[in-house]
Amino acid sequence: MTPDTVFSLTTGGTALAWLFLAGPARWMPKTFNCARLAVPLVLACVYVAAFATAWPTIEGGFGSLEELRLLFTNPWMLLAGWVHYLAFDYFVGTWILERAKDENLSHLAIIPLLGLTLLLGPAGLLAFHLYRNITRHFRRKAA
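Everything numeric in this text was worked out from a predicted model, so none of it was measured. (Residues numbered from 1 in each chain as written. Predicted model: local features only at pLDDT ≥ 70, side-chain atom pairs only at ≥ 80, totals over all residues. Heavy atoms only, no water.)

Observations regarding the nonpolar core
Just so we agree on the cut-off: We call a set of buried residues a nonpolar core when its members are Ala, Val, Leu, Ile, Met, Phe, Trp, Tyr or Cys and they connect through side-chain atoms within 4.5 Å of each other. Type-normalised accessible area, obtained with a 1.4 Å probe on protein chains alone, sets the label of each residue: buried when under 20%, exposed when over 50%, and partly exposed for intermediate values. Going along the chain from the N terminus, every DSSP run of H or I of four or more residues is numbered as a helix, and every run of E of two or more is numbered as a strand. By the convention used here, residues are in contact when the closest approach between their heavy atoms is within 4.5 Å.
Counting residues in hydrophobic clusters, the biggest one holds 30 residues, and the most contacted among them are L21, Y90, L97, I110, L114 and F128. Breaking this core down by element, the ones donating at least two residues are helix 1 (3-22), helix 2 (29-54), helix 4 (75-102) and helix 5 (107-142). Residue contacts for L97: discarding those within four places in its chain leaves L21, A25, F32, H107, I110 and L114.

Laid out in structure tokens, this is it:
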């Protein structure tokens with residue numbers, strides 16, 4: 001399989017998993033519990049395989065921006081970096097969904113935050129914390 005093929009499969013599969021989070025996950029707790037772990041674990045396996053495939057020909061490293069740029073000239077390492085983002089952003093998305101459900105936050109309000117997490121991981125996490133803290137503040141005032 002080529003890096004491009006694996007990229008298409010992981011990106012498409014993860015996109016479907018995100019749609020599940022935005023939609024029926026709230027009403028399917030057993031399926032959600034499986035998906036919240038299964039998707040990142042499958043992606044972790046793909047990550048390890050991509051890294052192992054690249055290992056014999058790896059150049060660059062993590063010591064400087066230039067070394068990182070060189071590292072990602074290898075298509076398998078670029079794929080590993082992408083899958084790393086897919087896995088952790090999805091994991092954060094499931095964490096957000098769990099916290100929102102535990103705190104009885106509006107699912108409709110969470111959906112855009114999940115989209116933001118999908119596209120810009122840390123920005124989505126930050127937005128969720130802001131939304132959650134603002135909601136807590138107004139709930140305390142109302143009580």
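Thoughts on the environment of A44
For A44, the position within the fold is in helix 2. A relative accessible area of 32% means that A44 is categorised as partly exposed. It is 6.8 Å that separates the C-alpha atoms of A44 and A87, two residues lying 43 residues apart in sequence.

Describing the side chain of E98
Among the structural elements, E98 can be located in helix 4. The residues touching E98, leaving out its near neighbours within four places in the chain, are F32 and R36.

As for the packing of helix 2 against helix 4
Short version of the rule: Every axis in this analysis is a line fitted to C-alpha atoms, fitted for helices over the stretch in contact. Angles between the N-to-C directions lie between 0 and 180 degrees. Throughout this description, any angle smaller than 35 degrees is read as roughly parallel, any larger than 145 degrees as roughly antiparallel, any in the 65 to 115 degree range as roughly perpendicular, and the remainder as oblique. The hand of a helix crossing depends on one turn: near helix anticlockwise from the far one by less than a right angle means left-handed, and clockwise means right-handed. Ten residues, namely Ala, Val, Leu, Ile, Met, Phe, Trp, Tyr, Cys and Pro, are considered nonpolar, four, namely Asp, Glu, Lys and Arg, are considered charged, and the remaining ones, Gly among them, are considered polar.
At a minimum axis distance of 8 Å, the contact between helix 2 and helix 4 shows a crossing angle of 165 degrees. Taken together, the axis directions place helix 2 and helix 4 in an arrangement best described as roughly antiparallel. Between helix 2 and helix 4 lies a crossing whose hand is left-handed. For the contact of helix 2 with helix 4, the residue count by class is 21 nonpolar, three polar and three charged.

All quantities given are derived from atomic positions and should not be read as evidence of function.
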